[in-house]
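# Secondary and tertiary structure notes
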Amino acid sequence: MSPIETVRRAIADALRPDPKIWVDEWAEDNRILPPDTPEPGPYRNARTPYLIDIQRTMSPSSPFREGWWQKPHQVGGSVTGENLLGAWICCAAGSILVVFPTIDDGKQWELSRFEPMRSNTRALRRRIRPADEKGSDNTKLRKKFPGGVMRLVGANRVGALKSSTIRYVKFEEPDEYVLDVGNQGSPIDLARKRTENFGRKAKIYGDGTPTIDGRSAIQKQVRRGDQRKWHLHCPDCAHPQVLQRSELRWNDGDPDSVRLVCLECGALNTEHAWKAKNYAVRPKGMTEADAKASGRAYWEATAVGEPGVASWVSFSALAAPVGWRPWPMFVREWLAAQGDEEKLKTFVNNYDGECYTDSIRTSVGAADLQKRAEHYALMTCPIGGLVCTAGVDTQDNRLAVVIRAFGRGEQSWGIWHGEIYGDPSQPEVWAKLKELLEAPIRHESGQVMRVDAAAIDMGGHHAEDVKAFCRQAQLQGKHWFAIAGAKAYGAPMLGKPKPVEFTYKGKEVPGGAVYRPVGTQSIKNLINGRLGLTKPGGGYYHFPLGFEPDYYKQLRSERREWRRDGKGHKELWWVAGPDPRNESWDCEVYAYAAFLYAMSGRHAEIVYREREKLFGAIRQLDLLDAGAVQAPAPESGADVPAAAVDQVDASDDAETEPAQEVTRPPIAQQNRRRRTPPRRGGFVSNWG
């Protein structure tokens, strides 16, 4: 063949339109599902009719350039992505980029998903040789085929998302991506730019399970599209509707009785009744409009999206094929998630296919907490408070302090919040903190309580000052200790003490300063859940009227978002919000760490019983000469009973008369120790 002919053929191939082969038809003609799948054997569109429209929309000859599916788990999303990749390679070859949260995810996908698909699909075996075959020019992360190459990359690597030109892009679980790759933008935006040269011939597809409302990547993308929803016809009146959990009905204690109600006629029908006709086999080439007219389930757009962008939303696991997600199991999982925020979030994401609204964070804001403030003064503790601790946050120009008392069930009462202004490198600032931590706290029982333990943050620029203060306190027998936030998400709430002072030989200084790592993420999750409690009891947080509005704003200043640690593990981290001030939030975390310190190595029940002997009963003391309430004076000629002897002043020289029955003292007096109180002349100066 002459060079001129070669050029002509190359130009003709470039101008030739893509073959009009739908991905769903290619999959049914070519794909054989491997033995380790739930339903091995030839791929059948009739089993999952809701995947047909997705695959056709992303076919090479489709006018749509992008497609995004917000979905629950285990409804065929992985198979859809595999079918698209296979058809792109075999029918309209071009370079492909498959983006995973991390490169390890890509390696796992190649081993467990792509290689079984390649080895079980003849059309792919002819084009892609095994990675372990000598001379195949293939690796685990790079698959070469006639017309292009497929690369598997991690969303956390900038270089992999910026080089070369790509025709096809497949995004796996976008909600698990890093938000900003190397400070150069979203990985989705970076990969999308690599397809611009192909114009409408490019295809970008992403699917994934959503996470938190307002911060979900897949949610953001589907809102750009036409937002198609999957409708099923009522078995009785044929009214089409989207299946929703709120329309399920069942008898109490019997999930097997579950039925779904029709929004039009109110009829209740089982899962099999809803899906029998709706999931009937479609004739080849049937469109969504034809399916709607024939009484079958169908997708229908509900919004006007960006040109060339399709999306599929509001698809619940209730719509999965019969046998995949049985409705009775759906109900059981829903009931099991009640009362547990993490389980509830998992259910909403994985079964409903919807973003989870953090109800505690959003419904219990600063204003709501302030409305719960109660009528008791600062530096006073209501009945129930037994162990008092403090948390101190060290800033460059001040010390923020929160004092809180804990009782049974870890119900707690705010005692004091404020800031000590001044340079923490100056001794007078620490002298004021010492004075505050040693100040007496009036208990409602009439007794005096003091701070049992205090946790002081040594982060920032004043770690040496914190260590010096805590070292001196330890020498004086005070339980004031330095802390630092642990880096690991799942770190213990209060770690073991670690020395921070060593000799020049590297040996620990006897009696030197130590600090304890604090699992701030774990404690914040705990406190956040307790702030959502609405009735006093175990874990409930009480606040006095004296706490200022700024305290509550700082307490609710942070938000949660999904992040990955150095090992690629995805967790819901607390991060700074729009207002960077969060001192009271940190102080509450440290105060709880101090409570764990105060209770460590001790049996909680024994501690509570001993403290209740001191703070359990209310003692009414008069400021003027009162002492204890005296028993009624006997009438002339009457005897004083022996039981009343303890209730009279020992200095009185009244003669003993024959016994006479007297009125029993009030309950509060019976609980006091029966001893002869000293006569107090004048103003009482000591409450002890």
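The coordinates are above.
Residues numbered from 1 in each chain as written. Predicted model: local features only at pLDDT ≥ 70, side-chain atom pairs only at ≥ 80, totals over all residues. Heavy atoms only, no water.

## Structural notes on the pairing of strand E22 (residues 453-457)
Taking burial as the measure, the 5 residues of E22 include 5 buried ones, the bulk of the element. Where burial is concerned, the two faces of E22 agree: the one with Ala453, Ala455 and Asp457 and the one with Ala454 and Ile456 are both buried. Bridging between strand E17 (residues 387-394) and E22 involves 4 bridges; their strand directions are parallel. Across the sheet, residue Thr389 finds its bridge partner in E22, namely Ala453. Summarising the sheet, E22 and strand E23 (residues 480-485) pair through 4 bridges and their orientation is parallel. Note on E23: the bridge partner recorded for Asp457 is Ile483. (Buried < 20%, exposed > 50% of the residue type's maximum accessible area, 1.4 Å probe, protein only. Helix = DSSP H or I, 4+ residues; strand = E, 2+ residues; numbered from the N terminus. Pairing = 2+ DSSP bridges.)

## Some remarks on the sheet that holds strand E18 (residues 398-406)
Strand order in this open sheet of 8 strands is E24-E25-E23-E22-E17-E18-E19-E26, and the pairing throughout is mixed. Edge positions in the sheet fall to strand E24 (498-499) and strand E26 (541-542), since each of these pairs with one other strand and no more.

## Considerations on the packing of aromatic side chains
Evaluation of the coordinates by the stated rule reveals 28 aromatic pairs. Consider the rings of Tyr50 and Trp230, whose centres lie 6.0 Å apart with planes at 75 degrees: the pair is edge-to-face. Placement of Tyr50 in helix H3 (residues 50-57) and of Trp230 in strand E9 (residues 228-233) is noted, with a sequence separation of 180 residues between them. An aromatic cluster is defined as three or more aromatic residues linked by ring pairs; in this entry it consists of Tyr50, Trp69, Trp230, Tyr279, Trp299 and Phe315. Between Arg245 and the ring centre of Trp334, over which it is positioned, the NZ or CZ distance is 3.9 Å. Across the ring face of Tyr351, the terminal group of Arg325 is positioned such that the distance to the ring centre comes to 4.5 Å. (Phe/Tyr/Trp six-rings, centres within 6.5 Å; stacked < 30°, edge-to-face > 60°. Lys NZ or Arg CZ within 6 Å of the ring centre and 35° of its normal.)

## Thoughts on the nonpolar core
Core analysis: the largest hydrophobic core is formed by 70 residues, its most contacted members being Ile403, Leu433, Ile441, Ile456 and Phe543. For Ile456, the contacting residues outside a window of four places in its chain are Val392, Thr394, Trp430, Leu433, Val466, Phe469, Cys470, Trp480, Phe481, Ala482 and Ile483. If you look at the next biggest cluster of nonpolar residues, it comprises 60 residues, including Ile54, Leu243, Leu248 and Trp274. (Core = buried A, V, L, I, M, F, W, Y, C linked by side-chain atoms within 4.5 Å. Contact = heavy atoms within 4.5 Å.)

The quantities given are spatial measurements derived from coordinates; they are silent on function.
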